[in-house]
Amino acid sequence: MASSLTKDSASATHEKTFLGHPVGLATLFMTEMWERFSYYGMRALLVLYLVSGGVDAATGSQGGGLGFTAATATAIYSVYVAMVYLMAMPGGWFGDRVWGARKTVAIAGVVIMTGHVALALPGQIAFFVGLLLVAVGSGLLKANISTMVGHLYKGLDDSRRDSGFTIFYIGINVGAFAAPLVIGTIGETVSWHFGFLLAAIGMGVGLAVYLLAGRTLSPQSSAVPNPLSPAERKAVIIKALAVLAVVAVFYGAVAAAGMFTIKWALYPITIAGLIIPVAVLVRIKRDKDLSAGEQSRMSAYIWFFVAAAVFWMIYDQGGSTLSLFGDKNSERALFGWEVPTVLFQSLNPLFVVALAPIFAAAWVAMARRRREPSTIVKFSAALVLVGGSFFLFALPLNQVADNDTKVTMWWLVIIFLVQTVAELCLSPVGLSVTTKMAPQKYASQMMGVWFLAVTAGDCVTGLLGLADVKLDGVGVILFQAAAAVAAGLAIYMYRKKVNVLMGDMN
């Protein structure tokens, strides 16, 4: 059976394979690896740069950052990450209706690289323009490159599909592991702006790989599944211009009144990040063009979406709440060397690279014996584990709550390890189940919907930061941990109902 699958995939790609998969997986693996190198390198620096005060401009020394408070920095970080994933929805729409997935990814690479170049320039204006460009470019890329991985396989029942997405996920984490080591260390210890420039170079390498090896990709990736009609295109342009005009007038009035602060920009984005995912799911669910089977699978998908939103609410605080805790409250001496704070951001991808092959092999082996856990059980386990990681986090937090003592950095190592195990139960599985359950009409857009779960989770954190809630308070951490565990147990209790709604996609 395995040999026939390899032969089938090889014939589709001129008899070449990559680890037994279509050779196009190698192209997408490398492209995503370098894009994630640029993204996670910048992200590792983001909160530390925001809270660092003073001069630099490469390098007039002092802090060299923007000097925001920890609460505001966490809010900016959370809203930025939410924006990256919020933009995945229009990114998927462009892939489905305007450019096709392959062209959209190429354009995205250029936009991301330009954004990192802007971040490398000093000043708040260049910084926020750069953040916007990286968010837009990442949104265009994320939904479409994952969809292109799905295009490499001949059918939904190809047993290599989940394994292929796990290999792809390893590429993400190789880039994410190297990024803090290179971009993060140079940014934190030499110059923030040099670090951001290295991120631009990383994206440039990924774009070059993608363009030069494009012939290895599926022809399906170049197609526009549901192209806009001329009338639809005109309507979209008019609506977009109208929205831009309203936004410009509103913020112009706020600025003219002397009322503008960073929160005026962050609050609307955060609220939109909570409303838009719900609106998108409702719109798709109510589409009368969907078959009865597609409607049923969409009902099941809502359960996965809510579970993922709760998961990412906790998980994505690794780059904000946990990073600030590590910088301020952890003892980081190792053989006489003080470990840079950014290096903790390499722990999760390091654990993923080490553990993902084990998980991939385990799922395949269990599937052969018909004992593989259902997707809903994997999601339930992920929620319980990520909630457990914050129960662990509460222990060192409690030790430093009333004084300025520092705790061993090994607490952070353990917390990131638990979160990684949780991630491997949810994230690659979620990518795969989204491609399998997506209605044909919304192929790329549904991958954008999956990423909207990240938006929803991060927007909750963003709202807490904007409300000046102490996110590293023991009570707040325990509440989030309990909410995640309760959600995981609730989903497990309803697993049979969800499996019925999924039909033959279990």
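Bear in mind that the values here come from a model prediction, so they are computed numbers and not experimental data.

Draft legend 1. Quick peek at the overall build of the protein chain. From N to C terminus, the protein chain includes 18 helices and six strands. In terms of its C-alpha atoms, the protein chain occupies a principal-axis envelope of roughly 60 × 50 × 40 Å. Taken over 506 residues, the protein chain has a buried fraction of 54%. In the protein chain, once contacts between residues fewer than 6 apart in sequence are set aside, the share between residues at least 24 apart is 81%. With an accessible surface of roughly 20,800 Å², the protein chain has 68% of that area assigned to carbon and sulfur atoms.

Draft legend 2. Looking closely at helix α7 (residues 161–189). Taking 1.5 Å of rise per residue, 29 residues should cover 42 Å, and α7 covers 42 Å from first to last C-alpha, within 8% of that figure. At Ala179, α7 shows its strongest bend, of approximately 40°, with the proline Pro180 following within four residues.

Draft legend 3. Examining the pattern of salt bridges more closely. Counting across every chain of the model gives five salt bridges. Asp472 is the salt-bridge partner of Lys470, the closest N and O atoms lying 3.1 Å from each other. Residue class for Lys470 comes out exposed when judged on its relative accessible area of 54%.

Draft legend 4. Structural view of the confidence of the model for the protein chain. For the protein chain, per-residue confidence averages 85 on the pLDDT scale, and residues scoring 70 or more make up 92% of the total. When pLDDT is averaged over each helix and strand of the protein chain, the minimum, 41, is found for helix α1 (residues 2–12) and the maximum, 94, for helix α5 (residues 101–119). Taken together, the stretch residues 1–14 has pLDDT below 50 and engages in 18 contacts with residues farther than four places along the chain or on a different chain.

Draft legend 5. Inspection of the environment of Pro349 at higher detail. Checked against the element boundaries, Pro349 lands in helix α13 (residues 347–368). It is 6.6 Å that separates the C-alpha atoms of Pro349 and Val174, two residues lying 175 residues apart in sequence. Once residues within four sequence positions are removed from consideration, Pro349 is found in contact with Asn173, Ala176 and Phe177.

Draft legend 6. Spotlight on the side chain of Gln419. Among the structural elements, Gln419 can be located in helix α15 (residues 410–437). Within the structure, the side chain of Gln419 is placed 3.1 Å from the side chain of Ser389, a separation counted as a polar contact. Aside from chain neighbours lying at most four places away, what touches Gln419 is Phe311, Ile314, Tyr315, Leu322, Val386, Ser389 and Phe390.

Draft legend 7. How the structure looks around a nonpolar patch on the surface. Taken together, the side chains of Leu181, Val182, Ile186, Val190 and Phe194 make up a nonpolar region of the molecular surface, amounting to roughly 380 Å² of accessible area. In terms of residue count, α7 provides more of the nonpolar patch than any other element does, three residues in total. Looking at the element boundaries, Val190 is found in the loop between α7 and α8 (192–212). For Val190, a relative accessible area of 48% gives the class partly exposed.

Draft legend 8. Looking closely at the packing of helix α14 (residues 375–400) against α15. Put simply, α14 and α15 touch, their axes get as near as 9 Å, and they point 160° apart. With respect to each other, α14 and α15 are oriented roughly antiparallel. By crossing handedness, the relation of α14 to α15 is classed as left-handed. Residue classes in the contact of α14 with α15 are distributed as 19 nonpolar, five polar and one charged.

Draft legend 9. Summary view of unusual backbone geometry. A positive phi angle, near 55°, is found at Arg370, a position not held by glycine. As for its position among the elements, Arg370 is in the loop between α13 and α14.

Draft legend 10. Inspection of the nonpolar core at higher detail. Among the nonpolar cores identified, the biggest contains 134 residues, and Leu28, Tyr80, Phe311, Val449 and Trp450 are the most heavily contacted of them. By residue number, the principal contributor to this core is helix α2 (residues 24–51), which donates 14 residues. Among all residues touching Tyr80, those that are not within four sequence positions of it are Tyr39, Met42, Leu46, Leu131, Val134 and Ala135.

Draft legend 11. The arrangement of the packing of aromatic side chains in detail. Considering all chains together, one arrives at 20 aromatic pairs under this definition. Plain terms: the ring middles of Phe127 and Phe128 are 5.1 Å apart, the flat faces sit at 80° to each other, and that makes the pair edge-to-face. Relative accessible area serves as the criterion here: at 0%, Phe127 is assigned to the buried category. By relative accessible area, which is 25% here, Phe128 ends up partly exposed. Arranged with centres 5.3 Å apart and planes meeting at 85°, the rings of Phe325 and Phe393 form a pair that is edge-to-face. Highlighted residues: Phe325 in helix α12 (residues 321–329) and Phe393 in helix α14, separated in sequence by 68 residues.

Draft legend 12. Structural detail: α5. For α5, built from 19 residues, the straight-helix expectation of 27 Å at 1.5 Å per residue is met to within 8% by its first-to-last C-alpha distance of 27 Å. All buried positions along α5 are accounted for by Ala101, Thr104, Val105, Ala106, Ala108, Gly109, Val111, Ile112, Gly115, His116, Ala118 and Leu119. Where the residues of α5 are buried, they touch α2, α4 (88–97), α6 (124–151) and α8.

Cut-off values and rules
- Residues numbered from 1 in each chain as written.
- Predicted model: local features only at pLDDT ≥ 70, side-chain atom pairs only at ≥ 80, totals over all residues.
- Heavy atoms only, no water.
- Helix = DSSP H or I, 4+ residues; strand = E, 2+ residues; numbered from the N terminus.
- Buried < 20%, exposed > 50% of the residue type's maximum accessible area, 1.4 Å probe, protein only.
- Contact = heavy atoms within 4.5 Å.
- Areas by Shrake-Rupley, 256 points an atom, 1.4 Å probe, with all protein chains shown as cover.
- Expected span 1.5 Å × (residues − 1).
- Bend = angle between axes of the 7 residues up to and from the residue.
- Salt bridge = Lys/Arg side-chain N within 4 Å of Asp/Glu carboxyl O.
- pLDDT = per-residue confidence, 0-100.
- Polar contact = N/O pair within 3.5 Å; in protein donor to acceptor, adjacent residues only side chain to side chain.
- Patch = residues over 30% accessible without salt bridge, like charges linked within 9 Å, V, L, I, M, F, W, Y side chains within 5 Å.
- Axes fitted to C-alpha atoms, helices over the stretch in contact; angles between N-to-C directions.
- Parallel < 35°, antiparallel > 145°, perpendicular 65-115°, else oblique.
- Left-handed = near helix turned anticlockwise from the far one by under 90°.
- Nonpolar A, V, L, I, M, F, W, Y, C, P; charged D, E, K, R; others polar.
- Core = buried A, V, L, I, M, F, W, Y, C linked by side-chain atoms within 4.5 Å.
- Phe/Tyr/Trp six-rings, centres within 6.5 Å; stacked < 30°, edge-to-face > 60°.

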